[in-house]
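Examining the three-dimensional arrangement
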Amino acid sequence: MKDPLNLPLFSSYEFDSRFYDELFAKRDDIRGIYKTLFELFGTYSVSEFNRLNIQAKDSFFNSGITFQVYGENEVNEKIFPFDLFPRIIDHEEWETIETGVLQRSKALNLFLWDVYHDQKIIKQGIVPKSLIDSSVNFLPEMINFDPPEGVYNHISGTDLIKHSDGQYYVLEDNIRCPSGVSYVIGNRGAVKHALFGVFNQYKTHTVVNYGSKLLETMQSVKPTGVDNPVCVILTPGVYNSAYYEHCFLAKQMGILLVEGRDLFVENDFVYMKTIYGIEKVDVIYRRVDDLYIDPLVFKADSLLGVPGLFSVYLKGNVALVNAPGTGVADDKAIYTYMPEIIKYYLDEDPILNNVHTYHCSRKNELNYVLENIDKLVVKPVDESGGYGISIGNKLTKDEIEKVKENIKKDPRKYIAQPIMSLSTHPTYIDDNESFESRHVDLRTFTLLGKDINFVLKGGLTRVALKKGNLVVNSSQGGGSKDTWVLKK
Amino acid sequence: MLARVANNLFWMGRYIERSEHVARFLRVNYFSSLDAPDELSQSRQFVLRSIMYMSANEIIDSDIILEEEEVLYNVGLNIDSPYSIVNGFINAHENARSARDLISTELFEAVNRVKHAIKGYPVEKLVKSQLYDFTTIVSNATSDIKSKIQSTLLHDEVYAIIMLGINIERGLQVARIINSKVSDASTVKKIYGDLVDGNYQWVTLLKCVLAYDMMRRSYKKAPERTNTLEFLILNAKCPRSIKNSLNQMNKYICMISKQHEKPVNSAAFLIGKMTSQFKYKLIEEIDDNLEEFTAELIDKLANIAVKLEEDYFDISHTLDVKAKA
């Protein structure tokens, strides 16, 4: 093999030993599972690769796999930036990830049950009561309610990173409306078309079974007494940034995509308005946030929800996926207690590492955070999408002071973690017409239903496209990669 | 199928059909006029007025001078003019997006591709040199979309709703094209009498509806007023005639309507009634009062669209209202 870094596409690749490079074990040593793939990329000229790259982007655009950006006068469609160099995960590594994320999802589900019922974990002093009481995502309306089949977090998205020690760490658990699975499947399609020669040489698990498994999960939590449940997805509408995903999932499952205005409640049941009149709805995968699902109970001015929906849910006549109030468990402050939560409910040690987390509501930890902000990542506990994150070593003195002020004003709102060294992966940078190393993470997708424990064998590898940036969220300009999980 | 989504599909069909007719009218009128047999038919103002009459339903005062580039821009690519072709595709796309989970991937992608292509078409090219290219892209694109409707959708109620939209719009557009060209023919006749090539306007009319070859094969005679109108209004075998559009509407409303008895004044009843009335209609009954006939036809089709909305697309109803119905 030629010196890999002399190949035109890799000529500006900077191997940085401070981080775990997913492709290079050493500067001139390609990791075993990547060798075949790398050889293929080594054969491409820059112009050939540019052509493939443009074709892949065009196919996303023409297929409408886009999100909308609102300018002053018009709406522009953009594709979620996509990189053709896939990430590969071997089966042994995957086994750890899969059992680890499943373990977390199950523990979170048991935690949610407990939080909304006996609160034993609080009474035993393992998780402080104040964290639950002060969580904006805790819904008192859910207390003592038994969701169908005891499942709260039917769908979980777990964000993982690989640190410089080669170990996976969980960054956060997303159990409200985790997005991104449609891009996992879209990315796979684009890579299969572009790299069909090499794809045949890797025995990769499929990702196209997600829709069937999701439908199975939805059907498994149908209300009592219903034989053939009518399942729907509830979307906020065409202007929602994840609308493509909502359509995609509805299509994959062959179920209807509804908006709040298509549904109404009468006689304690939910109905949808069809061309032949009304039809009862039994299971709703709602992609509308908790506080918007029912204006009679939550935000009165919400036009996205259905008046009366929540009371039908409480009566057991409709199932909501994910259950309202799950957000209390993906609060970043609760994340701090995940090892204890797993131990308490499952009597197991955590399979996946937590990133050491300082909670600003604890006095000692608050002091440490305030004194060491330049070495820490500070995150608000209730935000998502990468909003509100401050990375200490990128801040100016003034910015550090500002972050300190914010934390002092509301310590409960913030956690801090050491700045983790996210692994890097070769990513094609259009402007330089070559591959450069960029930080990546991995979002996995887990389903829980009645007798269903499923982890999609793949995931969304998100890439921070800006050099040196550690924030990979698409809302912060991140891109994505196809992720291959190899079979045994 | 959700009532709201059915409405979206119905309008997607209508916008696609409308865009196709406007583009074809634009192309045929503009290019055939370049070597028209008389000075009036060759006149830019006459052609531009005809285009505005058909596409925007606008009669322009004779003292207003129309700018060719402005008319082409407004009819083709001006997002702010509600009747433009680009707007038709933007609306069709929005409607398709709202029903994306119900239509085939192939159909959505065809609509998506053409919307991007039309929206990105350079204005400069359209108004200065490439009107033919632009209108051909539109014709090919609509043809591709319709082929996807035909071949990638189950022929169930989703398909029937789209086809209802297409056929109701076809009836309306053909009626408007007839109005426009008959008006052109009358103006030419008033000035030149029968001395000029009398076939020209009727040939153009047939070409505007894409029915010239079919008409020649059917009649084996040169087109003139009566046989052209008879063909376009009453020939059931011509897929673009009014009669055929009505027959198709009747077929698709029967697919959707589950009731054997059609309540009086329902969309299904009105379509059935109109279809029956057309069954034994003669061109002699129409020709003398053509203007009145087309105006009435347009009104009736518009009324059917309103009834369809009431019967199938209404999302204001609840359990009680539906039970009473």
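Residues numbered from 1 in each chain as written. Chains lettered and ligands numbered in written order. Predicted model: local features only at pLDDT ≥ 70, side-chain atom pairs only at ≥ 80, totals over all residues. Heavy atoms only, no water.

Quick notes on the pairing of strand S6 (residues 155-162) of chain A
All names here are of chain A. By the criterion of burial, S6 is predominantly enclosed, with eight of the eight residues buried. Of the two faces of S6, the one lined by Ile155, Gly157, Asp159 and Ile161 and the one lined by Ser156, Thr158, Leu160 and Lys162 are each fully buried. Alignment of S6 against strand S21 (residues 434-449), held across six bridges, turns out to be antiparallel. Counted as the bridge partner of Gly157 is Phe445 from S21. Bridge count between S6 and strand S7 (residues 168-174): six bridges; the pairing is antiparallel. Across the sheet, Leu160 pairs through a bridge with Val170, a residue of S7. As consecutive antiparallel partners, S6 and S7 are separated by five residues, and within that stretch Gly166 has a phi angle of approximately 80°, a positive value. (Buried < 20%, exposed > 50% of the residue type's maximum accessible area, 1.4 Å probe, protein only. Helix = DSSP H or I, 4+ residues; strand = E, 2+ residues; numbered from the N terminus. Pairing = 2+ DSSP bridges.)

Some points on the side chain of Ser245 of chain B
Residues and elements named next belong to chain B. Within the secondary structure, Ser245 is located in helix H13 (residues 242-256). Judged by relative accessible area, Ser245 falls into the buried class, the value being 1%. Beyond its immediate sequence surroundings of up to four residues, Ser245 is in contact with Asn167, Arg170 and Gly171. (Contact = heavy atoms within 4.5 Å.)

A closer look at the sheet that holds strand S8 (residues 231-234) of chain A
Residue and element names in this part refer to chain A. Overall, parallel pairing links the four strands, which are arranged S9-S8-S13-S14 in an open sheet. Edge strands, defined here as strands with exactly one partner in the open sheet, are strand S9 (256-258) and strand S14 (319-321). Across the sheet, the axes of successive neighbouring strands diverge by a mean angle of 30°, strand direction being ignored. Sheet topology note: the S8/S9 ladder contains three bridges and is parallel. (Axes fitted to C-alpha atoms, helices over the stretch in contact; angles between N-to-C directions.)

Observations regarding helix H1 (residues 3-33) of chain B
Taking 1.5 Å of rise per residue, the 31 residues of H1 of chain B would be expected to cover 45 Å, and the 45 Å separating its terminal C-alpha atoms lies within 8% of that figure. Extensive coverage of H1 of chain B is indicated by the burial of 27 of its 31 residues. (Expected span 1.5 Å × (residues − 1).)

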